[in-house]
Amino acid sequence: MSRKPINITSKQIQTARGDWYTYHFANRQLFKALPEAVQHAYQTLNATLTPPSMTIFGGVVHDWPPRATFEAAAKHGMKIELMNVWYLSDEGWKAFQELWQALPEPVGELYTAPCVQEKELYPLSTVEEMQPARASE
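Cut-offs used in this document
- What you see as residue numbers is a count from 1 along each chain, following the sequence as written.
- Totals for whole chains, interfaces and linings use all residues, but because this is a predicted model, local features are given only for residues with pLDDT of at least 70 and pairs of side-chain atoms are given and counted only at 80 or more.
- Processing note: side-chain calculations cover all non-hydrogen atoms of the structure and skip hydrogens and water entirely.
- Helix and strand definitions follow DSSP, with helices as H or I runs of at least four residues and strands as E runs of at least two, each counted in order from the N terminus.
- Whether two residues are in contact is decided by their heavy atoms, any of which lying within 4.5 Å being enough.
- Reported accessibility uses the Shrake-Rupley method at a 1.4 Å probe radius. Residues are deemed covered only where the shown protein chains occlude them.
- Only buried residues count toward a nonpolar core. Its members are Ala, Val, Leu, Ile, Met, Phe, Trp, Tyr and Cys residues joined through side-chain atoms within 4.5 Å.
- A 1.4 Å probe rolled over the protein chains alone gives each residue an accessible area, and that area as a share of the maximum for its type sets the label: buried under 20%, exposed over 50%, partly exposed in between.
- Aromatic pairs are defined between Phe, Tyr and Trp rings, using the six-membered ring for Trp, whenever the two ring centres lie within 6.5 Å; interplanar angles under 30 degrees are classed as stacked, those over 60 as edge-to-face, and all others as tilted.

Some thoughts on the overall build of the protein
Step number 1: Broken down by element type, the protein carries five helices and two strands.
Step number 2: Of the regular secondary structure in the protein, the N- to C-terminal order runs α-α-α-α-β-β-α.
Step number 3: Intrachain contacts of the protein at a sequence separation of at least 6 include 67% that bridge at least 24 residues.
Step number 4: Working note: accessible area of the protein is about 10,300 Å², and carbon and sulfur atoms make up 56% of it.

Okay, here's the thing in structure tokens:
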């Protein structure tokens, strides 16, 4: 199965990342402002939750957290936005920072013509010129 190209610019990726970082930071600060007993309840409930994967935009994948987490949060009157191990401890926040810093740099506007990778990056017109002419059939 071939990949579908995404039609998005590096500026749009950076904008989305800025929005996501603001969201993550706000949730970390909100958690830190909670009373200690409430923090402990979040940490206990999240102890079995697998940390999310980070998308290229800096968010979490669309199917995270699992449905059971939504149900548990509702049952205990907790905010689903805080049900992320990244926000619940200094270690979690450090893991988030490491993932964030490992995000690849988008370079969408480098090439303005369709390109192909063949050891080096060539515009498609150049590759077509490099191919030997086909014999007439």
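Description of the nonpolar core
Step number 1: Counting residues in each nonpolar core, the largest one holds 18 residues, and the members touching the most others are Y42, M54, W86, Y87 and F96.
Step number 2: If one sorts the elements of this core by residue count, helix α4 (residues 90–101) sits on top with three residues.
Step number 3: Residues within four places of Y42 in sequence aside, it is in contact with F31, L34, M78, K79, L82, M83 and L88.

A look at the packing of aromatic side chains
Step number 1: Tallying each qualifying case throughout the model produces nine aromatic pairs.
Step number 2: Members of the aromatic cluster, joined through ring pairs, are Y21, F25, W86, W93, F96 and W100.

Overview of the environment of F57
Step number 1: Along the polypeptide, F57 turns up in the loop between α2 (36–45) and α3 (67–76).
Step number 2: For F57, a relative accessible area of 26% translates into the label partly exposed.
Step number 3: With 45 residues separating them in the primary sequence, F57 and Q12 have C-alpha atoms 9.1 Å apart.
Step number 4: For F57, the contacting residues outside a window of four places in its chain are I8, I13, A16, R17 and W20.

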